[in-house]
Amino acid sequence: MAADGGSGRGAGGITIHDTLSGKRSSLSGQGTNAVSIYLCGVTVYDDAHIGHARTIITFDVLRRHLEGRGIRATMVQNFTDVDDKIIARARDEGIQASELGERYIRRYHEEFERLNVLKADSYPRATEHIPDIIGFIGDLIGGGAAYVAKNGVYFAVSEFAQYGKLSGKKTDQLRSGARIEVDEAKRDPLDFALWKFDSGHPSWDSPWGAGRPGWHIECSAMSTKYLGDCIDIHGGGRDLIFPHHENEIAQSETRTGSMFARIWMHVGMVTIGGEKMSKSLGNIRSVRRALEDWGPNVIRLFCLSGHYSKPVDYSDENLRESLARWRQIEACHYELMHAARNTDGKNGGGPACGANIPGLVDAGDRFDAALDDDLNTHLAVSAVMDVVSDTNALAADCALGPGRAAGAGAELSRMSRILGLRVPNVDPAEAAAIDSEVEARNGLRRQGRYEEADAARDRLRARHVELFDRGDKTVWVKREKIGADARS
């Protein structure tokens, strides 16, 4: 890994907090300009929820920032498509587990495409990698770290002396805990399943008997197949630290004898009214519903509003703050677009070229520095809002100018692209039609026909076109349609 090239400001040192060491770890100086990322994906028995969205959006921004710095980021994100919950849900619906999995994988791709998440390089599924999983288990058995018992094949935790190093949990305390699953066939209550014997559907033949893989072994087998024995960044939600990621480390490092991941990056939970989302509380918020209510840009801003490692509360108050920010960013994009294409000298008191908005370069530097420093998206968004504020001040004074607008527009577009924010496109024919209607409305105003002008403005507003008068010029904004607006 190396931090070379990129935005033109110099990549500097990109650091990420490593859960394992408890310290910041640098992505610089590893000798290449590529980073491998393995992200634990969703278990496809239900719709993805806003907690999944926050984790995946966080890693999407990390990937965009790395690539903006000239660092190639290879992203692998798995689907767990065989699991007790999937099998139980499919049985309740009277369908095959594979059919249920396909439904929710399809929905996942539809929803996260709407959220403007870049596609991963690979989306491996557990059911497509059974031979890899069986081979991995065979190596562990052959090395004496796993054993065959009555109900399946288990990893012997006692064979990995560093068990608990990621979560900080001690094995003697875990053994005395009431939450450990008891299985008489296991040698140690901490031992975990690599292969579960089951002759039902779905199941696969193995050297030890028909069955299906355990949860933890899937990610170890798939990550090493696609990214090698040592991953640069392994990530997921904080709820995966124990037991999932702890068990991945144990089985992977036992098999290879080397470090499994250089950096462990974990994203904080999304709460509802301060409480953890859970089906028992009935407070799960699906991505599908969130998109209907708030749209993709507001959701992204909400997910990026605090430091990724800390919890964030999914509340109307926090979402409306994100909506307000988005409306300002959205309007600024149009303000700059109109000013940059203005060649008649009106609303253009600034120089025609060669000048930037005061503070623009500083805001860009602060944006990049914030993301370099453990992906601090809160400060990065603040830098974006500073560009918006400075742009609005100049526009209000009719001093924006095409030169300043072009420079600020390019920088705001760069920042937005890295954060994954996207202003919906207006095609040239629609833009020309809006221009014509705006000019007709302004003609009515000049003639003193204000009621007719207001009616024209209302017709445009009904089509989500908002007008801002700047002296004798009018700027229009094509607003993204957001469901929450209708309820306000």
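Residues numbered from 1 in each chain as written. Predicted model: local features only at pLDDT ≥ 70, side-chain atom pairs only at ≥ 80, totals over all residues. Heavy atoms only, no water.

Put simply, helix H1 (residues 50-68) and helix H12 (residues 402-419) touch, their axes get as near as 7 Å, and they point 135° apart. By the angle between their directions, the pair H1 and H12 is classed as oblique. Along the contact surface, H1 presents Val 61, Arg 64 and His 65, while H12 presents Arg 417, Ile 418 and Leu 419. (Axes fitted to C-alpha atoms, helices over the stretch in contact; angles between N-to-C directions. Helix = DSSP H or I, 4+ residues; strand = E, 2+ residues; numbered from the N terminus. Parallel < 35°, antiparallel > 145°, perpendicular 65-115°, else oblique. Contact = heavy atoms within 4.5 Å.)

Pairing within the open sheet is antiparallel, and its 4 strands lie in the order E5-E6-E7-E8. Strand pairing shows two members of the sheet lacking a second neighbour, strand E5 (146-148) and strand E8 (211-213), which therefore form its edges. Averaged over neighbouring strand pairs, the angle between their axes works out to 20° when direction is ignored. Examined bridge by bridge, E5 and strand E6 (residues 152-155) share 3 bridges and lie antiparallel to one another. Residue pairing in the sheet places Val 148 in a bridge with Val 153 of E6. On the sheet, helix H4 (residues 130-142) packs against E5, E6, strand E7 (192-197) and E8 and is oriented at approximately 120° with respect to E7. (Pairing = 2+ DSSP bridges.)

Now for the pairing of strand E4 (residues 72-77). The sheet contact formed by strand E3 (residues 34-39) and E4 spans 6 bridges and is parallel. Across the sheet, Val 35 pairs through a bridge with Ala 73, a residue of E4. Note on the crossover from E3 through H1 to E4: the handedness is right-handed. (Right-handed = clockwise from strand over helix to strand, strands pointing away.)

Our focus in this paragraph is the pattern of salt bridges. For the structure on display, the rule yields 38 salt bridges. Measuring nitrogen to oxygen at the nearest pair gives 2.9 Å for the salt bridge that ties Glu 330 to Arg 327. Residue Glu 330 and its partner Arg 327 are both found in helix H9 (residues 316-341); the two are separated by 3 residues, about one turn of the helix. A single burial state applies to Glu 330 and to Arg 327, both of which are buried. When salt bridges that share partners are traced, they join Asp 46, Arg 89, Glu 93 and Arg 103 into one network. (Salt bridge = Lys/Arg side-chain N within 4 Å of Asp/Glu carboxyl O. Buried < 20%, exposed > 50% of the residue type's maximum accessible area, 1.4 Å probe, protein only.)

Glancing now at the packing of aromatic side chains. Under the criterion given, the structure shown has 10 aromatic pairs. Look at Phe 155 and Phe 192: their rings are 5.2 Å apart centre to centre, the planes differ by 25°, and that puts the pair in the stacked class. Here Phe 192 lies in strand E7 and Phe 155 lies in strand E6, a separation of 37 residues in the sequence. Neither residue differs from the other here; Phe 155 and Phe 192 are each classed as buried. Over the ring of Tyr 147 we find Arg 187, and its NZ or CZ is 3.9 Å from the ring centre. The ring of Phe 136 is capped by Arg 255, whose NZ or CZ atom sits 4.3 Å from the centre of that ring. (Phe/Tyr/Trp six-rings, centres within 6.5 Å; stacked < 30°, edge-to-face > 60°. Lys NZ or Arg CZ within 6 Å of the ring centre and 35° of its normal.)

Bringing H4 into the picture now. Between its terminal C-alpha atoms H4 stretches 18 Å, which fits the 18 Å expected from 13 residues at 1.5 Å a residue. Looking only at H4, the buried set comprises Ile 130, Ile 133, Ile 134, Phe 136, Ile 137 and Leu 140. With its buried residues spanning 160° around the axis, H4 presents them on a single face. For H4, exposure combined with an orientation more than 90 degrees from the buried face picks out Pro 131 and Gly 142. Buried residues in H4 make contact with E5, E6, E7, E8, helix H6 (215-227) and helix H7 (241-256). Positive phi shows up at Gly 144, right after H4, with a value of about 85°. (Expected span 1.5 Å × (residues − 1). Arc of directions from axis to C-beta.)

Glancing now at the state of the cysteines. Applying the stated criterion across every chain yields a total of 0 disulfides. Not part of a disulfide, Cys 219 finds its nearest cysteine sulfur in Cys 40, a span of 3.8 Å. Overall, the relative accessible area of 1% leaves Cys 219 in the buried class. (Disulfide = S-S within 2.5 Å.)

This part covers the confidence of the model for the chain. Taken residue by residue, the chain gives an average pLDDT of 90. The fraction at 70 or more is 91%. Taken as a whole, residues 1-12 scores under 50 in pLDDT and shows 46 contacts with residues more than four places along the chain or in a different chain. Low confidence marks residues 343-354, where pLDDT is under 50. Its contacts with residues over four positions away, or in another chain, come to 27 contacts. (pLDDT = per-residue confidence, 0-100.)

The next point concerns the sheet that holds strand E9 (residues 231-237). Each strand in a sheet pairs with another by means of backbone hydrogen bonds, the pair being arranged parallel or else antiparallel. With parallel pairing, 4 strands are arranged side by side in an open sheet as E4-E3-E9-E10. Each having just a single partner strand, E4 and strand E10 (261-267) make up the two edges of the open sheet. Strand-to-strand twist in this sheet, taken as the mean axis angle between neighbours without regard to direction, amounts to 25°. Of the strand pairs in this sheet, E3 and E9 are connected by 3 bridges, and their pairing is parallel. Within E9, the position partnered with Tyr 38 by the bridge is His 234. Across the sheet, H6 is in contact with E3, E4 and E9; its angle to E3 comes to roughly 160°.

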